Amino acid sequence: MSETSFFSINPADGKQIAAYPTHSDAHVQKSVKQATKAFEAWRNNTLRERATLLLHIAKVLREQKEKLALLATREMGKPVTQSRDEVEKCAKTLEFYAQEGPKFLADEIVATDALKSYVSYQPLGVVLAVMPWNFPYWQVFRAMAPILMAGNAMILKHASNVSGCALAIEEVLKKAVAPKGLFQTLLLPSAKVADLIAVPEISAVTFTGSTFAGRKIAEAAGRNLKKQVLELGGSDAYIVLEDADMTLAVDTCFNARLVNTGQSCLAAKRFVVVKSVRKEFEKMMLTKMGAATFGSPQDINNKIGPMARIDLREELHQQVLRSIDAGAKLLCGGYLPDGAGAFYPPTLLTNVKKGMAAYSEELFGPVGVIIEAKDEQDALRIANDSEYGLGGALFSKNKRHAERLAATQLDAGNCFVNSPVHSDARLPFGGIKNSGYGRELGIFGAREFVNIKTVFIQ
Ligand code: NAP
């Protein structure tokens, strides 16, 4: 261990939970060696053998659900029922890859003039995963399941405010009797990530986090010509058309904005509402937002907890204030509550226009933003007028028409109709533009960290 430490602070009361000394350079080197050794053995396992480990990990996750859920809730403030759901989703995703992985990664014969030619999906080696705090388990396991299934080893550098979760994940793998070194957590300052990417034994990097840090990762990976997948920020537009089922639209936008206390990459960050129904939407949304309460994330009755860190709350509050200064109208919230913790009230802004922070920046917290559009075409233009392209949703009773718009006019990686944007192990997930590149989940996620090898026999 080295001199520096990471501190876990409970965002509900501002008190320190634990201090974790970061790993020394010598420890990092040893871990990389161990991972390489583990990879050399693991790659020779059959797909079925790898699937068995994934099932064991899922089982341990379920056995430890309560403990893990409480840890995440204490470290980053997620309402505890959502923490439990998160652990369950990880287990399901491991089971999905255990079942489907062998099909996704089976050899594929391609008829050519060879005696026999086929595509074989071979592992790349040791994959470095740099992950964010907002879904401290989900982000890691959704990357891990296909990475291990493909025969790779994995090293995790987690966000420094969830070091307890990071170490707990390593424990889960140990309890599942994963081969030594196959998965390891390194407590590493972000300033050391670029050097680790450059280490020859690291074959690839998967990153989930902000666009800012994503660029740094991409630079380091690009310099070393290493494969990378980037899952970055988003500012999903939820378009409400004139013929929308207004109750469905308002309820979905409300829930999709406030899930995880608004700290989700695919939250409903902009409500783009056509002029003819804007007032109705606004009134209904204000009724819900104004009545939404927040409190201790350990109380199962609270759907909204604190934000994960006090500095993130300050950043969000400044974005709200800058937007108001630029002409946005505050309908509710928008203040710093008295007392300890990083709580921020459900907040609603309207009259948001181009040039304001709430129009163009990612608001990573419980702040709803209403942007009025002249009509359907204007709504699509506004939705696409963003540096991001992670997801988007459309609300309309004319499902066929909305489907066409979602499929062909919305510029984002995940487009939904009459539904919140969400991830599902069966479907690919990822973004375009400054939301990143590459895909996780589904068959596409299974084939990101593989050598797509041509085998030709004559
Ligand atoms: P972040 O600040 O980018 O941190 C993410 C990870 O990168 C952490 O492990 C962090 O470590 C590390 N990091 C930060 N700066 C770095 C640098 N210069 N070089 C190398 N590593 C660095 O993001 P966050 O605040 O944790 O997460 C919120 C962001 O993630 C939002 O923008 C959200 O939209 C995005 N996100 C995207 C997805 C998706 O699937 N597209 C999913 C979830 C979240 P330290 O903690 O030690 O700094």
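Further up the page is the structure itself.
Source: prediction; values computed, not measured. (Residues numbered from 1 in each chain as written. Predicted model: local features only at pLDDT ≥ 70, side-chain atom pairs only at ≥ 80, totals over all residues. Heavy atoms only, no water.)

Student: For the packing of helix H3 (residues 65–76) against helix H6 (residues 163–175), give the residues involved together with the corresponding values.
Tutor: Here H3 crosses H6 at 160°, and the two axes come no closer than 9 Å. The angle between H3 and H6 falls in the class roughly antiparallel. In terms of crossing hand, the pair formed by H3 and H6 is left-handed. Residues Leu68, Leu71, Ala72 and Glu75 of H3 touch H6, and the partners they reach there are Ser163, Gly164, Cys165, Ala168 and Val172. Each residue belonging to the contact of H3 with H6 can be placed in one class, and the counts come to six nonpolar, two polar and one charged. (Axes fitted to C-alpha atoms, helices over the stretch in contact; angles between N-to-C directions. Helix = DSSP H or I, 4+ residues; strand = E, 2+ residues; numbered from the N terminus. Parallel < 35°, antiparallel > 145°, perpendicular 65-115°, else oblique. Left-handed = near helix turned anticlockwise from the far one by under 90°. Contact = heavy atoms within 4.5 Å. Nonpolar A, V, L, I, M, F, W, Y, C, P; charged D, E, K, R; others polar.)

Student: Would you mind going over the packing of aromatic side chains in detail, with residue names and values included?
Tutor: Considering all chains together, one arrives at seven aromatic pairs under this definition. Taken together, a centroid distance of 6.3 Å and an interplanar angle of 70° make the contact between Tyr97 and Phe104 edge-to-face. Both residues of the pair, Tyr97 and Phe104, belong to the buried class. A network of ring pairs unites the aromatic residues Phe96, Tyr97 and Phe104 as a single cluster. Here the guanidinium or amino end of Lys78 rests over the ring plane of Phe135, the centre of that ring lying 3.9 Å away. (Phe/Tyr/Trp six-rings, centres within 6.5 Å; stacked < 30°, edge-to-face > 60°. Buried < 20%, exposed > 50% of the residue type's maximum accessible area, 1.4 Å probe, protein only. Lys NZ or Arg CZ within 6 Å of the ring centre and 35° of its normal.)

Student: Residues and numbers for the sheet that holds strand S19 (residues 436–437), please.
Tutor: The strand order across the open sheet built from six strands is S7-S6-S5-S8-S9-S19, with neighbouring strands paired in mixed fashion. What marks the edges here is a single partner per strand, and that holds for strand S7 (183–186) and S19. Bridge count for strand S9 (residues 227–231) against S19 is two bridges, and the pairing is antiparallel. Note that in S19 the partner of Glu231 across the bridge is Gly436. (Pairing = 2+ DSSP bridges.)

Student: Which residues make up the site of the ligand, and what values go with them?
Tutor: Close to the ligand lie 29 residues; Met131, Arg142, Ser210, Leu232 and Glu362 are nearest. Here the ligand has 910 Å² of accessible area as a free molecule, and 86% of this is covered by the chains. When contributions to the shell around the ligand are tallied by element, the ones reaching two or more residues are helix H5 (138–149), strand S8 (202–208) and helix H8 (211–223). Per element, the largest residue contribution to the shell around the ligand is three residues, and it comes from H8. Class assignment of the residues belonging to the shell around the ligand gives a composition of 14 nonpolar, 10 polar and five charged. Built from parts of two domains, the shell around the ligand gets at least three residues from each of domain 1 (5–232 + 435–457) and domain 2 (236–424). (Near = heavy atom within 4 Å. Areas by Shrake-Rupley, 256 points an atom, 1.4 Å probe, with all protein chains shown as cover. Domains from an automatic or database assignment.)

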